[in-house]
Amino acid sequence: MKKWIFLPVLIILISCKEKITDTYFTGDKAIGYFNEIEAICKKDSGRLWGQYLYGPVMFVDRASRTIIASHPDKNGILRQKNGIYTGHYPRERIINNTGVEFGGELFALSPLPNEEDAYRIKTRAIHSLFHRLQLTKGISQAVFNTRHMDEKDARLWVKLEWKALKKAINSEGIEQELAIRDALIFRGSRREQYQKYAEEENKFETYEGLATFTYILLCTDSAGENNARLLEYLDRIYTYQSYSRSYGLIPGALYANLLYQNNFDFKTIMIDSTDLGKLVKETYDIQLPELCRDIAGSLALNYNIDAIYREEEQRLQDINERIHRQVSVFTEKPVVFLELESPYFDFEPEDIRSLDTLGILYNSMRISDNWGKLTVDKGGCLVSNNLKHLRITAKGLKERKSHYYGEGWHLILNDGWELDEVNENYLVRKLIP
């Protein structure tokens, strides 16, 4: 009987092993990319941040969780094959662009794109190498939640700010200075209205915005290409229906780009909570009114504010339609409720949608917390605006040991946690000794 039980397991393991090699990122091609990434860092030679950026790089295929690394780990977990180092990334760990300790070594971790795209492969690596640099300076990964950015007024101000920054990057001289002034007035108007979020905005802008600035700058060959790539990314984020989890990706990069144009020395700043807008103001000697909102309204007419109003009205209409269509999935019993204590998220910013006061809908995501790891591939999950609670449908719930499966999701619970049925719903909670 034991042989018949063991044989199917052996077949599964062989199947997984074959899948690991079924990727475009193997052998000479992977080595070629690692060499290109190292060459990009050598070209900079630490001039931008005062420290050589290159180090151990690890790409992980999300489907198979296969590791393809440029360097070995210190504990011998990875195995060398054809000039690269391979292994399996633990299921309980999140895969995103960051620095991560693995086998006693500090790696720059990046998810491997589903399809080969040389620019995305290289920029993801530089993105993660920058976060690795931050870790060496004691700046660890954090969960940023600028939830006010989904409020109508905040979105109006930030869209005006981005339009002015785009104009500034595309101009020079007096025209550029006036556009910078306008951007800072729109920024100041928002911060006058949302004062308590200013510090969180700064942290988000420096942690992710400076990463964006760095990887675009180092992976382009001219000022024209750099500006084009940066503004292309701005145009993409501009269309997002929710800015609460993506805001910091672009404004920090836009302000850093303007600083770079003025030969700013980035080695002089703290890369964890600097107000990049304030640095631009000082660098370009921009004078602002005592109250920005006193003149922001008249300036907004120069940036097609009527079109922004129409965009936001359409967004609210889409939200209301989505609430009517989808909210029952997360409110009608049975539903699984999870409390978020120390969450780490992995998601694509374009995959999230606001459901107004109900929270943020993630079409797909991966999240780890004290209780374990949740993977949502389809059907979505609803996260509260304060990032304290998450809910998914419990329809089709199945259990196998500490693994739970529902319609489009898979939950792995750590030891000492249980999924408990309460009033036809389910709660993830710690076992009582």
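Look up: the structure comes first, before these words.
Being a predicted model, the structure only gives us computed values, none of them experimental. Sequence order sets the numbering: in each chain, residues are counted from 1 along the sequence as written. Only residues with pLDDT of at least 70 are given local features in this predicted model, and only at 80 or more are side-chain atom pairs given and counted; all residues enter the totals for whole chains, interfaces and linings. Excluded from the side-chain calculation are hydrogens and water; included are all heavy atoms of the structure.

Novice: Break down the side chain of Ser244 for me, with residues and values.
Specialist: With respect to the secondary-structure elements, Ser244 resides in the loop between helix H7 (223-238) and helix H8 (251-261). By the criterion applied in these results, polar contacts are pairs of N or O atoms within 3.5 Å in which, for protein atoms, one can donate a hydrogen and the other can accept it, and in which residues neighboring in sequence qualify only through two side-chain atoms. Only 3.3 Å separates the side chain of Ser244 from the side chain of Asp150, close enough to count as a polar contact. Within polar-contact distance, the side chain of Ser244 engages the side chain of Ser242 at 3.2 Å. Residue contacts are defined here by distance: any two heavy atoms, one from each residue, within 4.5 Å place the two residues in contact. Not counting residues up to four positions away in its chain, the partners in contact with Ser244 are Phe144, Asn145, Thr146, Arg147, Met149, Asp150, Phe204 and Ile360. Secondary structure elements follow DSSP: runs of H or I no shorter than four residues count as helices, runs of E no shorter than two count as strands, and numbering proceeds from the N terminus.

Novice: An account of the sheet that holds strand E16 (residues 403-406) is needed here, citing residue identities and associated values.
Specialist: Taken together, the six strands give an open sheet; going across it, the order is E8-E11-E12-E17-E16-E15, and neighbouring strands pair in antiparallel fashion. The open sheet has two edge strands, strand E8 (344-346) and strand E15 (398-400), and neither has a second partner. Direction aside, neighbouring strands of the sheet carry axes that sit 15° apart on average. When E8 meets strand E11 (residues 365-369), the two strands line up antiparallel, connected through three bridges. Bridge assignment links Phe345 to a residue of E11, and that residue is Ile367. Strand pairing follows a simple DSSP-based rule, namely that at least 2 bridges must link the two strands. Axes here refer to lines fitted to C-alpha atoms; in helices the fit is confined to the stretch in contact. Angles between the N-to-C directions go from 0 to 180 degrees.

Novice: Describe the nonpolar core, listing the residues and the values that go with them.
Specialist: In plain words, nonpolar cores are sets of buried Ala, Val, Leu, Ile, Met, Phe, Trp, Tyr and Cys residues tied together by side-chain atoms within 4.5 Å. Burial classes: relative accessible area under 20% of the type maximum marks a residue as buried, over 50% as exposed, and values in between as partly exposed (1.4 Å probe, protein chains only). The biggest cluster of nonpolar side chains holds 88 residues, and the ones touching the most others in it are Phe25, Phe34, Ile126 and Trp162. Among the elements that line this core, the one with the most residues is helix H4 (residues 152-169), at ten residues. In this structure, Ile126 is in contact with Ile37, Ile40, Cys41, Leu53, Thr214, Tyr215, Leu218 and Cys219, ignoring residues within four places of it in sequence. If you look at the next biggest cluster of nonpolar residues, it comprises 27 residues, including Leu340, Val376, Tyr404 and Tyr426.

Novice: Give me the lowdown on the side chain of Thr146, citing residues and values where you can.
Specialist: Tracing the sequence through the fold places Thr146 in the loop between helix H3 (118-136) and H4. A residue is classified by how much of its surface remains accessible, and Thr146, at 0% relative accessible area, is buried. Excluding residues within four positions of it along the chain, Thr146 makes contact with Glu200, Glu201, Phe204, Tyr243, Ser244 and Tyr247.

Novice: Describe H3, and please don't skip the residues or the numbers.
Specialist: By this rule the span expected of a helix is its residue count minus one, scaled by 1.5 Å. With 19 residues, H3 extends 27 Å from end C-alpha to end C-alpha; this agrees with the ideal 27 Å at 1.5 Å per step. Residue Asp117 occupies the N-cap position of H3, its side-chain oxygen lying 3.2 Å from the main-chain nitrogen of Tyr119. Backbone geometry just downstream of H3 places Gly138 in the positive-phi region, at approximately 80°.

Novice: Now, about helix H9 (residues 276-283): what can you tell me, with residues and values included?
Specialist: Taken residue by residue, H9 has Leu276, Gly277, Leu279 and Val280 as its buried positions. Seen from one end, H9 has its buried residues packed into an arc of 160°, which puts them on one side. In this structure, the buried residues of H9 make contact with helix H5 (173-193), helix H6 (198-218) and H8. Sitting at the head of H9, Asp275 places a side-chain oxygen 3.1 Å from the backbone nitrogen of Gly277. Just downstream of H9, Asp285 is the residue with a positive phi angle, here 55°. By construction, the arc corresponds to the directions joining the helix axis to the C-beta atoms.

Novice: How would you explain the environment of Lys152 if you had to name every residue and give the values?
Specialist: Topologically, Lys152 is positioned in helix H4. As a C-alpha pair, Lys152 and Ser273 span 121 residues in sequence and 26 Å in three-dimensional space.

Novice: Any chance you could break down the pairing of strand E6 (residues 105-111) for me, citing the residues and the numbers?
Specialist: Within a regular strand, the side chains alternate between the two sheet faces. Judged by how many residues are buried, E6 sits mostly within the fold: six of seven residues are covered. As judged from the four bridges shared by strand E1 (residues 57-60) and E6, these two strands associate in the parallel manner. Across the sheet, the residue bridging to Met58 is Leu109, located in E6. In the sheet, strand E5 (residues 98-102) pairs with E6 via five bridges, with the strands oriented antiparallel. Looking across to E6, one finds that Gly99 is bridged to Ala108. Linking E5 back to E6 in an antiparallel pair, the connection comprises two residues, with Gly103 at a positive phi of about 60°.

Novice: Explain the sheet that holds E5 residue by residue, including any values.
Specialist: The pairing of strands in a sheet comes from backbone hydrogen bonds and takes either a parallel or an antiparallel form. The strand order across the open sheet built from six strands is E3-E4-E2-E1-E6-E5, with neighbouring strands paired in mixed fashion. Strands at the two margins of the open sheet, each flanked by one partner only, are strand E3 (79-81) and E5. Neighbour to neighbour, the strand axes of the sheet diverge by 35° on average, direction disregarded. By the bridge criterion, three bridges tie E1 to strand E2 (residues 66-69) in an arrangement that is antiparallel. Within E2, the residue paired with Met58 across the bridge is Ala69.

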